[in-house]
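The chain contents come next:
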Amino acid sequence: MKKIFSLFSLLVLLIMDFAAFAQTQRFPRPEFESGYTQPVTSMPEPRAGIFALVDVLLLIAALSLITWFIHKKRSRTGVVITSLFSIVYFGFLREGCVCSVGSVQNVVLALFNPGYHIPLSALAFFVIPLVYTLFFGRTFCAGVCPLGAVQDVFLLRPVNLKKWLQKVLGLIPWIYLGLAILYAATGTDFIICRYDPFVGIFRFNATFFMFAIGAAFLLISVFIARPYCRFLCPYGVILNLVSRVSKKHLSITPASCIQCKLCENSCPLDAINKPVEVKQMEDKRSATRRFILLGMIIPALMIIGAWVVSNFHENLAMVNSKVRLANELLHFDSNTMKESLEIEGFRTSGKTKEELYLESAAILKQFYYGSWMLGAFIGLVFGLSLAGLTRYRYREDYEADKGECVSCARCLKYCPVEKV
């Protein structure tokens, strides 16, 4: 139990580390002559008219094509071809925007800010992959998403990670999703877009720091399958949940499994569930005790997580430019300190300190309530993950894990069973 709470505390501290890191990320140094306006959250502009429609139609076409390759043709080659198209068009030509991964923030902002009207293309890129996932599994991840496709192309010598390490790293996307929702809901920032490791490469304009991160991900991708998709992508978390209830999903074998075990280690993502014998299953009494214990642990983890994260709401709020500026003004001493560009710009804006402090206080209040919900969400995720580790399910054949499998079709060539 001590190990469980120690691990939970470590995950919460990851949030604090991110907040501290994000505070150092300043806006580009402004050049001004007549005055300087404090920059606000960058919101992608909708693409004009027919071009936005073309993007949506190509998304549908790519999803339909790759779904056909996976479910009907069972072709890994078809998946690779679609992946290359997605990298070229959705990646380099469209410069990684609009992207389904970042559209999560557009949807959240539209829900919490009545003044923001979400572009229809952004809404379409959020909804359409979810619909396909609901019916066919994560075919979007297979090769339509340029972020996943570029990593999949780089995978040359896959190495499997320890199960416990995968479980721990797999919690990070949930935390990232919670942070992205918090910052988008408060109008603070689109952190998914700001820290996208590949968008700078797609646009050829990455800073050295972001280029280094993107290059590191691609280098890791040579050995570790899709590190961003598995251990960071917040949209992948949503697709994971939807795919679990998908009507149809990639199957390793086209007919009855003959238990040849050739596919056992074929998946670089470790997304193949092995058969579980009846004798390995727990009895009803043990299952009942486990259910009762988890029923007490999960609410406790939610309360602990909410309380811990709420104590750091001011640190999380420091990512917001207004809160950061208000804090800087509050502690500014003109006798010993030199004015920063942000303070100099504020003085030319015509706004009073009192107005800024009131706005900052309102934002801090939003972060206070938001951090309670974020902490409870993290506690819930951790508790459910813990419950998943103790869950037993009888299984006769080798099956793809409907949540973790990204339908890359790498496992298909290992199965000797012919389609009937």
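A. Seen up close, the packing of helix α4 (residues 100–112) against helix α14 (residues 234–243). Across the interface, α4 lies against α14 with an axial gap of 7 Å and an inter-helix angle of 90 degrees. As far as their axial angle goes, α14 and α4 are roughly perpendicular. The residues of α14 that touch α4, namely those facing S100, V101 and V104, are P234, Y235 and I238. Its residues assigned to classes, the contact of α4 with α14 shows five nonpolar, one polar and no charged.

B. Region of the structure containing unusual backbone geometry. With an omega of 5 degrees, the peptide bond between C97 and V98 qualifies as cis. Its place among the elements puts V98 in the loop between α3 (76–93) and α4. Backbone geometry at R74 places phi at a positive 50 degrees, although glycine is not the residue there. Relative to the helices and strands, R74 is located in the loop between α2 (49–73) and α3. The backbone phi angle of A409 is positive, close to 70 degrees, even though this residue is not glycine. With respect to the element layout, A409 can be found in the segment after β2 (399–400). Its relative accessible area of 3% is what places A409 among the buried residues.

C. Region of the structure containing the pattern of salt bridges. Evaluated as defined, the whole model comprises nine salt bridges. As a salt-bridge pair, D152 and R76 come within 2.9 Å of each other at their nearest N and O atoms. Of this pair, D152 sits in helix α7 (residues 146–154) while R76 is found in helix α3, placing the two residues 76 residues apart along the sequence. A salt bridge links D152 to R410; the nearest nitrogen and oxygen atoms lie 3.3 Å apart.

D. View of the environment of Q166. Structurally, the position occupied by Q166 is in helix α8 (residues 163–169). Each C-alpha atom, one on Q166 and one on L269, is 9.4 Å from the other, the two residues being 103 residues apart in sequence. Excluding residues that lie within four positions of it along the chain, Q166 makes contacts with L161, R230, F231, L269 and D270.

E. Representation of the nonpolar core in the model. Among the nonpolar cores identified, the biggest contains 82 residues, and V101, F140 and Y235 are the most heavily contacted of them. No other element matches helix α9 (residues 172–185), which puts eight residues into this core.

F. Region of the structure containing helix α5 (residues 120–136). Between its first and last C-alpha, α5 extends 24 Å over 17 residues, near the 24 Å set by a 1.5 Å rise per residue. As for α5, its buried residues are in contact with α2, α3, α4, α6 (139–144) and α14. Immediately beyond the C-terminal end of α5, within one or two residues, lies G137, with a positive phi of roughly 85 degrees.

G. Region of the structure containing the side chain of S266. Along the chain, the position of S266 falls in the loop between α14 and β1 (272–273). The class for S266 is buried, based on a relative accessible area of 9%. One polar contact links the side chain of S266 to the main-chain carbonyl oxygen of C263, over a distance of 2.8 Å. For S266, the contacting residues outside a window of four places in its chain are I272, C411 and Y414.

H. Up close: a nonpolar patch on the surface. A surface patch of nonpolar side chains, amounting to about 610 Å² of accessible area, comprises L120, L123, V127, V131, L134, F135 and V245. Position of F135 relative to the elements: it lies in helix α5. On the accessibility criterion, F135 (39% relative accessible area) is partly exposed.

I. Up close: empty space enclosed by the protein. Under the criterion given, the structure shown has seven cavities of 30 Å³ or more. Roughly 100 Å³ of internal volume is contained in the largest cavity. Lining the largest cavity are 16 residues, and of these C267, A271, C405, C408 and C411 lie nearest its centre. Across the lining of the largest cavity, the residue classes tally to 13 nonpolar, one polar and two charged.

Thresholds, definitions, all that
- In this convention, every chain numbers its residues from 1, walking through the sequence in written order.
- Reporting in this predicted model follows two pLDDT cut-offs: at least 70 for local features of residues, and 80 or more for side-chain atom pairs to be given and counted; totals over whole chains, interfaces and linings ignore these cut-offs and use all residues.
- The basis for every side-chain value is the complete set of non-hydrogen atoms in the structure, without hydrogens or water.
- Each axis is a line fitted through C-alpha atoms, taken for helices only over the stretch in contact, and angles between the N-to-C directions span 0 to 180 degrees.
- Labels follow the DSSP assignment, with helices taken as runs of H or I lasting at least four residues and strands as runs of E lasting at least two, numbered in each case from the N terminus.
- Oblique is the label for any angle not covered by the other classes, which are roughly parallel (under 35 degrees), roughly antiparallel (over 145) and roughly perpendicular (65 to 115).
- In what follows, residue pairs with any heavy atoms lying within 4.5 Å of each other are defined as contacts.
- Following the grouping adopted for this structure description, the nonpolar residues are Ala, Val, Leu, Ile, Met, Phe, Trp, Tyr, Cys and Pro, the charged ones are Asp, Glu, Lys and Arg, and the polar ones are all others, Gly among them.
- Note on exposure labels: buried denotes an accessible area under 20% of the residue type's maximum, exposed denotes more than 50%, and partly exposed covers the range between, all computed with a 1.4 Å probe on protein chains only.
- By definition, a salt bridge exists where a carboxyl oxygen of Asp or Glu is found within 4 Å of a side-chain nitrogen of Lys or Arg.
- To define a nonpolar core, start from buried Ala, Val, Leu, Ile, Met, Phe, Trp, Tyr and Cys residues and group those joined through side-chain atoms within 4.5 Å.
- One less than the residue count of a helix, multiplied by 1.5 Å, gives the span that helix is expected to have.
- The definition of a polar contact used here is a pair of N or O atoms within 3.5 Å, where within protein one atom must be able to donate a hydrogen and the other to accept one, and adjacent residues in sequence count solely through side-chain atom pairs.
- The patch calculation keeps residues exceeding 30% relative accessible area without a salt bridge and links them within 9 Å when they carry like charges or within 5 Å when they are nonpolar (Val, Leu, Ile, Met, Phe, Trp, Tyr).
- Reported accessibility uses the Shrake-Rupley method at a 1.4 Å probe radius. Residues are deemed covered only where the shown protein chains occlude them.
- Residues are called lining when one of their atoms sits within 4 Å of a cavity or pocket point, these points coming from a 1 Å grid over the protein atoms alone, where a cavity is a set in which a 1.4 Å probe fits but cannot get out and a pocket is an open set with protein on both sides within 12 Å along at least five of seven lines.
- Grid points are joined across faces, edges and corners, and a volume is the space filled by probe spheres set on the points.

Purely spatial values, then, with no claim about function.
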